[in-house]
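# Remarks on the overall topology
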Amino acid sequence: MKIKFFAIIALISVVLVVVSLQRQESDRVDDLQSRPLLSEQQLEQLGSLERISLVRGEERVELAREQDRWGVVSRNLYPAQPERVAALLHAVRGARVIEQKTDNPEYHGRLGLDTTQADSAPLQLRLGEDDQQIALLYGNPVGSGQLVRFADEDQVWLINRPFGMTLNPQEWLDLAVVRIPMEQAATARWEHADGEVLALEKAAEGDYNFRLAGIDDAEQQGNERWINSMVLGLIGLTAQDVALCEELALEQPILQMRVTTWQGAVLEASLFDQSGRYWLTLDSLEQPAEGTLAVNADPRWAYQVGIGQVEALLKRRSDIIRNVEDPQP
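Anyway, here's the lowdown on the structure attached to this text.

Analysis parameters
Residues numbered from 1 in each chain as written. Predicted model: local features only at pLDDT ≥ 70, side-chain atom pairs only at ≥ 80, totals over all residues. Heavy atoms only, no water. Pairing = 2+ DSSP bridges. Helix = DSSP H or I, 4+ residues; strand = E, 2+ residues; numbered from the N terminus. Contact = heavy atoms within 4.5 Å. Axes fitted to C-alpha atoms, helices over the stretch in contact; angles between N-to-C directions. Salt bridge = Lys/Arg side-chain N within 4 Å of Asp/Glu carboxyl O. Buried < 20%, exposed > 50% of the residue type's maximum accessible area, 1.4 Å probe, protein only.

## Quick notes on the sheet that holds strand E7 (residues 123-127)
Strand order in the open sheet formed by ten strands is E1-E6-E10-E9-E8-E7-E2-E3-E4-E5, and the pairing between neighbours is antiparallel. Both edges of this open sheet fall to strand E1 (35-36) and strand E5 (78-79), since each of them pairs with a single strand only. Bridge count between strand E9 (residues 145-150) and strand E10 (residues 157-159): three bridges; the pairing is antiparallel. Looking at E10, one finds that Leu147 is bridged to Leu158. On the sheet, helix H3 (residues 82-94) packs against strand E2 (51-56), strand E3 (59-66), strand E4 (69-72), strand E6 (96-100), E7 and strand E8 (134-142) and is oriented at approximately 95° with respect to E7.

Structure follows, in structure tokens:
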């Protein structure tokens, strides 16, 4: 009986292996039978695009290339997230037709591909301008794919992957404003509007923690995170929003900051209170010729920061030196 039992198990295993191999072979055949959604000429056009727009009903995101960077048109060409733009282009390049569907325009509405239906408008992607423009309409999802057609054609295709991109312009903004590794920062100087100055330093190159200059280590020991949070608030700045400085009419700063690195770079910034909203400007950035700090130091922009970020930046000496014992009476 045992021999018979093991023979049955072995037979079942062989069958499962054969079925698995057949499925893999079928998948390879399907992949060979599919084709790119875009023609070779259209794929080549993607490398020289100057304009991209995404539209669904009243929602719109438009991107334009400025020199070597994409900018968000509705936000004064503020830089777009490179990763998000790359993801969009990768999705278009990688789209493959896996099935031909209807070419009857009467069915476009139920497939989510009728531009005249406001309640179920397709996502329209326009790549380029004028007669070289590639215009795609994305409709209903089907399984792991999605229905799509070219704007000037009635033919509907099923492609192998869905196309999901946000139409909120703010979500396209590259708000990772400053990225300086903490180990590279060497000194920092914070000056409040009332004249209080905090000078920060490190014991040696490569150290992570800052300390208040001229203060015994015993007085500030254990409060490193409070000190570090001040500097990290600037050198790791991710803004909530951005605006042109000229549109804000900023007045006197409530805080001025300066950070230097071991490599000789200097970053200066200011923090402003504008009727309860806080804005930070990067006033100057100097770095060696070979410097590669990831900082958007364009002086045109002011970056909105949140309350938590402001609280970290506005630390004072009394927030940091908290281990001093009260004198005995």
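## Points about the sheet that holds strand E18 (residues 277-286)
Reading across the sheet, the eight strands line up as E14-E13-E12-E16-E17-E18-E20-E15 and stay open at both edges, with antiparallel pairing between neighbours. Each having just a single partner strand, strand E14 (211-212) and strand E15 (241-244) make up the two edges of the open sheet. Here helix H5 (residues 224-235) sits on the sheet in contact with strand E12 (185-192), strand E13 (197-201), E14, strand E16 (255-261), strand E17 (266-274) and E18, set at roughly 95° to E12.

## Quick word on the pattern of salt bridges
In total, this model carries ten salt bridges according to the counting rule given. In this structure, Glu62 engages Arg51 in a salt bridge whose closest nitrogen and oxygen atoms are separated by 2.8 Å. Of this pair, Glu62 sits in strand E3 while Arg51 sits in strand E2, and the two are eleven residues apart along the sequence. Under the relative-accessibility criterion, Glu62 is labelled partly exposed at 23%.

From the geometry alone we can't say anything about function, so treat these as descriptive.
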